[in-house]
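# Working through the structure, step by step
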Amino acid sequence: MTIVPVALGARSYDVRIEAGLLARAGEHLAPLAKGRRFVIVTDENLLPHLATLQASLGVDSEAIVLPAGEGTKSWAQLESLTDRLLDLGVERSDHVIALGGGVIGDLVGFATSILKRGCHFVQVPTTLLAQVDSSVGGKTAINSRAGKNLVGAFHQPALVLIDPQVLDTLPPRELRAGYAEVVKYALIDDFAFFEWCEANAAALLADDPEARTHAIAHSVAAKARIVAEDERETTGKRALLNLGHTFGHALEAETGFSSKLLHGEGVAAGMALAFAYSARRGLCPGQDAERVAKHLRAIGLPDGLQAAGVTASGARLVEHMLHDKKMAAGTLPFLLARGIGQTFLDKTVDLTDVAEFLDAQPR
Ligand SMILES: NC(=O)c1ccc[n+]([C@@H]2O[C@H](COP(=O)([O-])OP(=O)(O)OC[C@H]3O[C@@H](n4cnc5c(N)ncnc54)[C@H](O)[C@@H]3O)[C@@H](O)[C@H]2O)c1
Ligand SMILES: [Zn+2]
């Protein structure tokens, strides 16, 4: 078993990672039960994994099964979930279990942050994206009319249990999209991990359990390190995790946040664009930008506008960026790179230049 501690003082917790862990989750959850039943929240695509988890618990549990998909991160679902948790008599000292991808994790995290002014929750992430990113770090949110993730709270889980084996049932496209967030950690500040990714991505995507476990543990450790330094994204350190996300969100917005372009696919194209733009500005060697694009292409992720199927003008994409929640006082901070593993925050980017750069990209 690999244990990655997330060091946040009184809010510290463990991320435990091991193939087959779901079937043994009961051992890890028993100390939290305190003689009471568990409530598990999951989605309709996860019923086999729900059965495994419930069988492992050894105590009574109640399951709430929600519709799958981004639409579940809504006010309506938040209201109905909190009502059901209250009907089930959940107390502040109880631990609600979130079994699912980032949608279930974000919704349950937010619901438990407000339920009785805050009760505990445990993340049991089931997508690669949730295992390497959303289940760790305590950001929780729902979507609102004005945009994605605009209503939420910082609420850390009490424990994160990751079983790489549950990824066996994940559709390959979702797996690849989650892999984009793995590469992200390499591109931020870990060149050696990028080399590991180049050598092992194919094995990881083809279900090599060792490669999967290594990639997850390494990614979680990277996220834990950054979150421990800057839990609430105030110093700029945590903002590094948004590499590729400003460009990526613009592409997602342009494709209507639909299945045309999954979040991780937008991030992949966004990271390639961030590197290409850094190269255009003379900040980063062109061969580094090409090497990033080549790796993304090799595993079937989009490496730019064309592969993402986006034909919009640069001006229109910049307009999407301006709606991004990270806009502070009229400027748009961009994560750019001096090379692979050398990402930094640039607050002086000229948006007209970005639009021209995007216009010059192949469509
Ligand atoms: N809180 C954070 O820090 C953070 C970070 C990144 C992303 N997010 C959020 O995460 C969400 C995306 O998460 P996601 O990509 O996990 O999407 P998701 O939760 O919608 O899961 C993707 C699909 O896979 C299905 N699925 C999940 N696990 C499965 C499994 N093991 N086998 C078969 N099917 C399975 C789901 O039912 C769903 O249809 C977005 O809402 C995003 O905003 C949050
Ligand atoms: Zn992301």
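The notes below deal with the structure included here. (Residues numbered from 1 in each chain as written. Chains lettered and ligands numbered in written order. Predicted model: local features only at pLDDT ≥ 70, side-chain atom pairs only at ≥ 80, totals over all residues. Heavy atoms only, no water.)

### With respect to the overall build of the protein
Where we set the bar: Helix and strand definitions here come from DSSP, where helices need a minimum of 4 consecutive H or I residues and strands a minimum of 2 consecutive E residues; each element is numbered from the N-terminal end. Throughout, radius of gyration means the C-alpha value; the globule benchmark is 2.2 Å times the number of residues raised to the power 0.38. Exposure classes here rest on a 1.4 Å probe applied to the protein chains alone. A residue is buried below 20% of its type maximum, exposed above 50%, and partly exposed in between. By definition, residues are in contact when any of their heavy atoms lie within 4.5 Å. Positive: Lys, Arg. Negative: Asp, Glu. His and the chain ends are not part of the count. Lysine's charge is taken at NZ, arginine's at CZ, aspartate's at CG and glutamate's at CD.
A tally of regular secondary structure across the protein gives 14 helices and 11 strands. For the protein, whose C-alpha radius of gyration is 20 Å, the value lies close to the compact-globule estimate of 21 Å for 363 residues. In terms of principal-axis extent, the alpha carbons of the protein reach across some 60 × 40 × 35 Å. For the protein, the proportion of its 363 residues judged to be buried stands at 56%. Looking at the protein alone, contacts between residues at least 24 apart form 71% of all its contacts between residues at least 6 apart. Computing the positive centroid from 35 side-chain charges and the negative centroid from 43, the protein places the two 4 Å apart.

### Observations regarding the site of ligand 1
Here is the rule: Only a single heavy atom is needed: when it lies within 4 Å of a molecule or strand, its residue is near that molecule or strand. Polar contact is defined as a pair of N or O atoms within 3.5 Å, subject to the rule that within protein one atom must be able to donate a hydrogen and the other to accept it, and that residues adjacent in sequence are counted only when both atoms are side-chain atoms. What sets the accessible areas is the Shrake-Rupley method with a 1.4 Å probe; for residues, cover comes only from the shown protein chains. Side-chain classes follow a simple rule in which Ala, Val, Leu, Ile, Met, Phe, Trp, Tyr, Cys and Pro form the nonpolar group, Asp, Glu, Lys and Arg form the charged group, and the remainder, Gly included, forms the polar group.
Taken together, 24 residues lie near ligand 1, and D43, K73, G102, T127 and T169 sit nearest. N45 is positioned such that a nitrogen or oxygen atom in its side chain is 2.9 Å from an oxygen atom of ligand 1. Coverage of ligand 1 by the protein amounts to 88% of the 860 Å² it exposes when considered alone. Elements supplying a minimum of two residues to the shell around ligand 1: α4 (102–114), α5 (128–134) and β8 (147–154). Split into classes, the residues belonging to the shell around ligand 1 amount to 6 nonpolar, 9 polar and 9 charged.

### So, empty space enclosed by the protein
As a reminder of what qualifies: Computed over the protein atoms alone on a 1 Å grid, cavities are sets of points where a 1.4 Å probe fits but cannot get out and pockets are open sets with protein on both sides within 12 Å along at least five of seven lines; a residue lines them when it has an atom within 4 Å of a point. Grid points are joined across faces, edges and corners, and a volume is the space filled by probe spheres set on the points.
What the rule picks out here adds up to 1 cavity of 30 Å³ or more. Put simply, the largest cavity is a space of about 50 Å³. If you go around the largest cavity, the residues you meet are N242, L243, G244, H245, T246, F247, A274, F334 and L335. The dominant element in the lining of the largest cavity, judged by the number of residues it contributes, is helix α9 (residues 245–254), at 3 residues. Residue composition of the lining of the largest cavity, grouped by class: 5 nonpolar, 4 polar and no charged.

### Things to note about the packing of helix α13 (residues 314–322) against helix α14 (residues 351–359)
Geometrically, a packed helix pair is captured by the angle between its two axes and the distance between the axes. Threshold: Whenever a helix is involved, its axis is fitted only over the stretch in contact; in every case the axis is a line through C-alpha atoms, and angles between N-to-C directions fall within 0 to 180 degrees. When an angle is under 35 degrees it counts as roughly parallel; over 145 it counts as roughly antiparallel; between 65 and 115 it counts as roughly perpendicular; any other value is oblique. Left-handed is the label given to a crossing in which the near helix is rotated counterclockwise from the far helix by less than a right angle, and right-handed is the label when the rotation is clockwise.
Between α13 and α14, the least distance of the axes is 8 Å, while the angle of their chain directions is 130°. In terms of orientation, α13 lies oblique with respect to α14. Pair α13 / α14 crosses with right-handed handedness. Here G314, A315, L317, V318, M321 and L322 of α13 come into contact with α14, specifically with L351, V354, A355, L358 and D359.

### What to know about the coordination of the zinc ion (ligand 2)
Our working definition: Any N, O or S atom lying within 2.8 Å of the metal counts as a donor, with the limit raised to 3.2 Å for Na, K and Ca; because water is left out of the atom set, some sites can appear incomplete.
On the protein side, the zinc ion (ligand 2) has E181 (OE), H245 (NE2) and H263 (NE2) as donor atoms, found 2.0 to 2.2 Å from it. Positions of the donor residues of the zinc ion (ligand 2), expressed as sequence spacing, correspond to E-x63-H-x17-H. With a gap of 18 residues between them, H245 in helix α9 and H263 in helix α10 (residues 263–280) connect regions that are remote in the sequence. A residue is classified by how much of its surface remains accessible, and H263, at 23% relative accessible area, is partly exposed.

### Re the pairing of strand β10 (residues 334–337)
What counts, and what does not: Here, any two strands with at least 2 DSSP bridges between them count as paired.
Here β10 shows no split at all, with F334 and L336 on one side and L335 and A337 on the other all buried. Relative to strand β11 (residues 343–346), β10 runs antiparallel, the two sharing 4 bridges. Its bridge partner lying in β11, F334 is registered against D346. The hairpin turn running from β10 into β11, its antiparallel successor, is 5 residues long, and G341 in that turn takes a positive phi close to 85°.

### Description of helix α6 (residues 172–189)
Convention followed: The length a helix should cover is 1.5 Å for every residue beyond the first.
With 18 residues, α6 should reach 26 Å at 1.5 Å per residue; the first-to-last C-alpha distance of 27 Å fits that figure. A large share of α6 lies buried, amounting to 13 of its 18 residues.

### Re the sheet that holds strand β2 (residues 13–17)
Here 7 strands make up an open sheet; going across it, the order is β1-β2-β9-β6-β5-β3-β4 and the pairing mixed. One side of each edge strand has no neighbouring strand; the edge strands of this open sheet are β1 (2–6) and β4 (61–66). The sheet shows a mean angle of 20° between the axes of neighbouring strands, direction not considered. Against the sheet, helix α1 (residues 25–33) engages β2, β3 (38–43), β5 (95–100), β6 (120–125) and β9 (159–162), with an angle of about 165° to β9. Packed on one face of the sheet, helix α3 (residues 75–87) meets β3, β4 and β5 and runs near 165° to β4.

### Describing the nonpolar core
In plain terms, the rule: The term nonpolar core refers to a set of buried residues drawn from Ala, Val, Leu, Ile, Met, Phe, Trp, Tyr and Cys, joined through side-chain atoms within 4.5 Å.
Core analysis: the largest hydrophobic core is formed by 78 residues, its most contacted members being V15, Y179 and F247. In contact with Y179, other than residues within four places in its own chain, are L128, C197, A201, L204, L205, H295, I299 and L301. Counting residues in hydrophobic clusters, the runner-up holds 20 residues, among them V39, V90, V96 and V108.

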